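Structural characterization, general
Now for the letters of each chain:
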Amino acid sequence: MSTKLLKTVGATLALTVAASTASAETLKVVTDPSFVPFEMMDQETGEMVGFDMEIIREVADRAGFDIDLNTMDFNGIIPALQSGNVDIAIAGITITDEREEIVDFSDPYYDSGLRLLVREGNGDINEFDDLEDKKVGTKIGSTSYDYLMKNLEADDGVTPYPGSADMYMALMSGAIDAVFYDAPNVGYFARTKGEGKVKTIGPLYEGQQYGIALVEGSEWVDEVNTALAAMKEDGTYKEIYEKWFGPMPEDM
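Here's what I pulled together on the structure shown here. (Residues numbered from 1 in each chain as written. Predicted model: local features only at pLDDT ≥ 70, side-chain atom pairs only at ≥ 80, totals over all residues. Heavy atoms only, no water.)

1. Description of the sheet that holds strand β13 (residues 213-215)
Test applied: Two strands qualify as a pair provided DSSP detects at least 2 bridges between them. Labels follow the DSSP assignment, with helices taken as runs of H or I lasting at least four residues and strands as runs of E lasting at least two, numbered in each case from the N terminus. Contacts are assigned to residue pairs that have any heavy atoms within 4.5 Å of one another. What counts as an axis is a line fitted to C-alpha atoms, over the stretch in contact for a helix, and the angles between N-to-C directions run from 0 to 180 degrees.
Within the open sheet, the five strands sit side by side as β5-β1-β6-β13-β7. Their pairing is mixed. The open sheet has two edge strands with one neighbour each: β5 (65-71) and β7 (103-105). Direction of pairing for strand β1 (residues 25-31) relative to strand β6 (residues 88-89): parallel, over a ladder of two bridges. Its bridge partner lying in β6, V29 is registered against I88. Relative to the sheet, helix α2 (residues 51-63) contacts β1, β5 and β6, its axis offset from that of β5 by approximately 155°.

Written out as structure tokens, the structure reads:
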């Protein structure tokens, strides 16, 4: 092949790659900045990191879109999707019938549940029923808040917080008696910053599944599901999972 032809072929390939890159649609993605270890700010780099962050970046690469990532309090995420101000959200969002009426969800990508967190030395709270007449912290707009409202006879002791760090600080200071929230988040806190100060107790309540939320009618649902399925098939999902949570259960 002549040098001139090689240059022509090379130039054509470069233009094709450039055109493909330029044509990739940029989607507005939003997350909660404080749901560790799913999403959190790396204080040194200023970059959002965590399990969800690796999942959405891999999904975007495979589905063929770029992401413009921003953060907001969890309780504003679904309304932002409803209004069309954002295209996609990933923030440990539980798939519920109510939410499915107003946004689209991907196939589930994480199995979760709700769990209790108490201070070390606690002797009064061992299960959900023990929360009656106690001060309980949870997150605004979460399924854990909904569960508390539905299942506690006396729910005036429930305090919803805007961020998980706020409710954990309240627990350790003695302002509240327990936290009731997503199991992986409370478990992570108990193993890290709360080690020796707090502990998880009791079973998992209300088995849940997290999904990637998209604006209703999004054209990207199928592509996102295809990307998730491929990640599970080729071991990428397992690699990301075990980086943040340890050995992956066989039934996942």
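Moving on from the coordinates now.
2. Section: the environment of W220
Counted only if it meets this: We call a residue buried when its accessible area falls under 20% of the maximum for its residue type, exposed when it is over 50%, and partly exposed in between, using a 1.4 Å probe and counting protein chains only.
Note that W220 resides in the loop between β13 and α8 (221-233). Under the relative-accessibility criterion, W220 is labelled buried at 12%. For the pair formed by W220 and S106, sequence separation is 114 residues and the distance between their alpha carbons is 9.3 Å. With near-sequence residues (within four places) excluded, W220 lies in contact with E25, L27, A63, G64, F65 and L214.

3. Describing the packing of aromatic side chains
This is how it is decided: Any Phe, Tyr or Trp ring, taking Trp's six-membered ring, that has another such ring centre within 6.5 Å forms a pair; planes under 30 degrees apart are called stacked, those over 60 apart edge-to-face, and the others tilted. As a reminder, the over-ring test applies to NZ of lysine and CZ of arginine, requiring each to be within 6 Å of the ring centre and within 35 degrees of the ring normal.
Under the defined criterion, the tally for this structure stands at 25 aromatic pairs. Both rings, one in F51 and one in Y241, keep their centres 6.2 Å apart while their planes meet at 90°; by these two values the pair is edge-to-face. Of this pair, F51 sits in helix α2 while Y241 sits in helix α9 (residues 236-245), placing them 190 residues apart in sequence. The burial state of F51 is the same as that of Y241; both residues are buried. Taking 5.0 Å as the distance between ring centres and 50° as the angle between the ring planes, the aromatic pair formed by Y241 and F245 counts as tilted. Of this pair, Y241 and F245 both sit in helix α9, four residues apart, which is roughly one turn of that helix. Ring-pair connections join several aromatic residues into one group, and the members of that group are F35, F38, F51, Y109, Y110, Y181, Y210, Y237, Y241 and F245. In this structure, K232 is placed above the aromatic ring of Y237, and the distance from its NZ or CZ to the ring centre is 5.4 Å.

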